[in-house]
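What follows is the residue order along each chain.
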Amino acid sequence: MDYSGYKDLQIRRIESGILEIVMGEEGKLAVATARAHAEMARVWLDVDRDAETRVAILRGAGKGFSAGGDMAMVEEMTRDPAVRARVWREARDLVYNMLNCSKIIISAMHGPAVGAGLAAGLMADISIAAKNARLIDGHTRLGVAAGDHAAIIWPLLCGMAKAKYYLLTCETISGEEAERLGLVSMTCEEAQLREKALEVARKLAAGPQTALRWTKYSLNNWLRLAGPSFDASLALEMLGFTGPEVKEGLASLREKREPKFPAEPKDF
């Protein structure tokens, strides 16, 4: 499989059967630009078709796993329905393409994990977080519904009570706490993160591939049952980009201040 067309994702084969997908650049946090967002949605189709890949490891370069959406792209989404439609398709495809990818996906999260990167990190089949990682779903802080991956997988992973608490408050979850809640598969020290991901990948790459892939497919039927909830949450997130709350959320993030959201909406 030729991955040379990817520009924001760095993709390389690190061992026989094991592919590494790296977001961002060394020394920087990976930001979901328009191109990066599109690549994150598309890459799982290529991984699925890649006859040389048994396991894919997703990690972030430099200071963390992912920093969330590019502010310029978010601003465009508030103004342009065509941009909203494109991002909606990509966010939908990211989740469903990971869910339907026959190959095993491992995420290795360190530092901040926010936005589309967090969606991919938690949609992975095996999620490994550094103990000091910081997982944040910031949708409601921005002023939009918690769409993308949250509704499809958080209640199944950590239960409805915890899912509601963290998605409504946008509080940070450490890697250690995420493991305790069941939000991630395991944790380790940050210095051991890449080696731990590779250790798990080697074990899976050496295993019976048909049995592993059919097990993944069967277990993911639980997520397919939640498909209508996911679709609704993503549509409501996109609808939120047309309203006044996201404008204040964006402004407050740019100005590094607490948001002052509009009063109670009349039509809800």
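Up top is the structure.
Reference entry: report on the structure contained in this document. This one's a predicted model, so the numbers in the text were calculated from it and none came from an experiment.

## Here's the deal with the packing of aromatic side chains
Two aromatic rings are characterised by how far apart their centres lie and by the angle between their planes.
Alright, step 1. Going through the model one piece at a time under the given rule, you end up with three aromatic pairs.
Alright, step 2. Both rings, one in Tyr96 and one in Phe230, keep their centres 5.3 Å apart while their planes meet at 85°; by these two values the pair is edge-to-face. With Tyr96 in helix α3 (residues 81–100) and Phe230 in helix α12 (residues 227–240), this pair connects stretches of sequence that are 134 residues apart.
Alright, step 3. Over the face of the ring belonging to Trp88 we find Arg92, whose NZ or CZ atom lies 4.8 Å from the ring centre.
Alright, step 4. Taking the ring centre of Tyr217 as reference, the NZ or CZ of Arg224 above it sits at 4.2 Å.

## So, the packing of helix α4 (residues 115–123) against helix α6 (residues 150–158)
Alright, step 1. As a packed pair, α4 and α6 sit with axes 11 Å apart at the nearest point and diverge in direction by 50°. With respect to each other, α4 and α6 are oriented oblique. Between α4 and α6 lies a crossing whose hand is left-handed. Seen from α4, the contacting residues are Leu118, Leu122 and Met123; seen from α6, they are Ile152, Ile153, Trp154 and Leu157.

## What about the sheet that holds strand β2 (residues 17–23)?
Sheet strands associate in pairs through backbone hydrogen bonding, adopting either a parallel or an antiparallel arrangement.
Alright, step 1. On the basis of which strands lie adjacent, the open sheet formed by six strands has the order β1-β2-β3-β5-β7-β10 and mixed pairing. The open sheet is flanked by β1 (9–15) and β10 (186–188), the only strands paired with a single partner. Ignoring strand direction, the axes of neighbouring strands in this sheet form an average angle of 20°.
Alright, step 2. Inspection of the sheet shows strand β7 (residues 126–130) paired to β10 by three bridges, in the parallel sense. Each bridged residue has a counterpart across the sheet, and for Ile128 the counterpart in β10 is Met186.

## A word on the environment of Leu142
Alright, step 1. As for its placement among the helices and strands, Leu142 is situated in helix α5 (residues 139–142).
Alright, step 2. Exposure remark for Leu142: the relative accessible area of 12% places this residue in the buried category.
Alright, step 3. Between the alpha carbons of Leu142 and Ala108 there is a distance of 26 Å; along the sequence they are 34 residues apart.

## Examining the packing of helix α2 (residues 71–79) against helix α13 (residues 244–254)
Alright, step 1. Interhelical geometry of α2 versus α13 gives an angle of 160° and a closest axis separation of 11 Å. Here α13 runs roughly antiparallel to α2, going by the angle between their axes. For the crossing formed where α2 meets α13, the hand is left-handed. Judged by residue contacts, Met71, Ala72, Val74, Glu75 and Thr78 of α2 engage Val246, Leu250, Leu253 and Arg254 from α13.
Alright, step 2. Of the residues belonging to the contact of α2 with α13, the class tally is six nonpolar, one polar and two charged.

Parameters at a glance
Residues numbered from 1 in each chain as written. Predicted model: local features only at pLDDT ≥ 70, side-chain atom pairs only at ≥ 80, totals over all residues. Heavy atoms only, no water. Phe/Tyr/Trp six-rings, centres within 6.5 Å; stacked < 30°, edge-to-face > 60°. Helix = DSSP H or I, 4+ residues; strand = E, 2+ residues; numbered from the N terminus. Lys NZ or Arg CZ within 6 Å of the ring centre and 35° of its normal. Axes fitted to C-alpha atoms, helices over the stretch in contact; angles between N-to-C directions. Parallel < 35°, antiparallel > 145°, perpendicular 65-115°, else oblique. Left-handed = near helix turned anticlockwise from the far one by under 90°. Contact = heavy atoms within 4.5 Å. Pairing = 2+ DSSP bridges. Buried < 20%, exposed > 50% of the residue type's maximum accessible area, 1.4 Å probe, protein only. Nonpolar A, V, L, I, M, F, W, Y, C, P; charged D, E, K, R; others polar.

From the geometry alone we can't say anything about function, so treat these as descriptive.
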